[in-house]
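What follows is each chain in one-letter form.
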Amino acid sequence: PHNVLLTTRGMVKLIDFGFGGRFGDLRCGYGTLGFMAPELTPGDCQQSALGPAVDWWAIGVTAYVMLQREAHPDNVPLQELLPIDAQTGRVREVPLDVPTDIQALILACLDRNPWQRWIRVRALLH
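Sequence order as written defines residue numbering, which begins from 1 separately in each chain. Side-chain atom pairs in this predicted model are given and counted only at pLDDT of 80 or more, local residue features only at pLDDT of at least 70, and totals for whole chains, interfaces and linings cover all residues. The side-chain figures draw on all heavy atoms in the structure; neither hydrogens nor water molecules are used.

### Observations concerning the side chain of Asp-111
A run of H or I in DSSP counts as a helix once it spans at least four residues, and a run of E counts as a strand once it spans at least two, with each numbered from the N terminus. Looking at where Asp-111 falls in the secondary structure, it is placed in the loop between α3 (100-109) and α4 (114-125). Each polar contact in these results corresponds to two N or O atoms within 3.5 Å; when the atoms are within protein, one needs to be able to donate a hydrogen and the other to accept it, and residues that are neighboring in sequence are counted only if both atoms are side-chain atoms. Separated by 2.9 Å, the side chain of Asp-111 and the backbone nitrogen of Asn-113 make a polar contact. Side chain to side chain, Asp-111 and Arg-120 meet in a polar contact 3.0 Å long. The criterion used for residue contact is that any of the two residues' heavy atoms lie within 4.5 Å. With sequence-adjacent residues up to four places away left out, Asp-111 is seen in contact with Trp-57, Gln-116, Arg-117 and Arg-120.

Pasting the structure below:
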């Protein structure tokens, strides 16, 4: 993704947070659709769910896309690299060669329920 940069020292930096600022300023339906948490999608927005779980979803999608980039050429459309299958709406499997703790974290980030997502991620981080 274009908002993931690599410094000359090899550090990964995330930039361009469309939701940066106070939570009261957030708007539903704003952001890159493929990276937008389900609770933010236009027509199904749950304003009460806005919070850290939204960021964890985006991190899960970003990590998944980065893993897919390793296995696919650069000309593959982004839609095919996203963790949610556009046809079925299901979460695609994380590649099996990814360590199990990273697989678990990505899948926790992609839990459709924002409250469960936050609980699962926090449990894994501890």
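Back to the text.
### Focus: α4
A helix's residues, less one, multiplied by 1.5 Å, set its expected span. Taking 1.5 Å of rise per residue, twelve residues should cover 16 Å, and α4 covers 16 Å from first to last C-alpha, within 8% of that figure. At the N-terminal end of α4, a side-chain oxygen is found 2.8 Å from the backbone nitrogen of Trp-115, two or three residues along, and the residue is Asn-113.

### With respect to the pattern of salt bridges
Put simply, a salt bridge is a Lys or Arg side-chain nitrogen that is within 4 Å of an Asp or Glu carboxyl oxygen. As enumerated under the stated definition, the model contains three salt bridges in all. Put simply, Glu-39 and Arg-117 hold a salt bridge, and the shortest N to O gap is 2.8 Å. Here the residue Glu-39 occupies a position in the loop between β2 (12-14) and α1 (52-71), and Arg-117 occupies one in helix α4, the gap between them amounting to 78 residues. For the pair Glu-39 and Arg-117, a shared accessibility class is recorded, and that class is buried. In this structure, Arg-92 and Asp-85 form a salt bridge, with 3.5 Å as the shortest nitrogen-oxygen distance. Burial classes: relative accessible area under 20% of the type maximum marks a residue as buried, over 50% as exposed, and values in between as partly exposed (1.4 Å probe, protein chains only).

### Some details on the confidence of the model for the protein
Averaged over all residues, the pLDDT of the protein is 78; the fraction at 70 or higher stands at 75%. Considering each helix and strand of the protein separately, the mean pLDDT is smallest for β2, with a value of 76, and largest for α3, with 92. Along the chain, pLDDT gives the predictor's confidence residue by residue, from 0 to 100. Predicted confidence for residues 20-25 stays below pLDDT 50, and this span has two contacts to residues more than four positions away or in other chains.

### Quick notes on a nonpolar patch on the surface
Together, Leu-6, Val-12, Leu-14 and Ile-59 make up an exposed nonpolar region whose accessible area comes to about 370 Å². Inspection of the secondary structure puts Leu-6 in strand β1 (residues 4-6). In this analysis, a patch consists of residues with relative accessible area above 30% that form no salt bridge, clustered at 9 Å for like charges and at 5 Å for the nonpolar side chains Val, Leu, Ile, Met, Phe, Trp and Tyr. Shrake-Rupley sampling with a 1.4 Å probe provides the accessible areas, and residues are treated as covered by the protein chains on show and by no other component.

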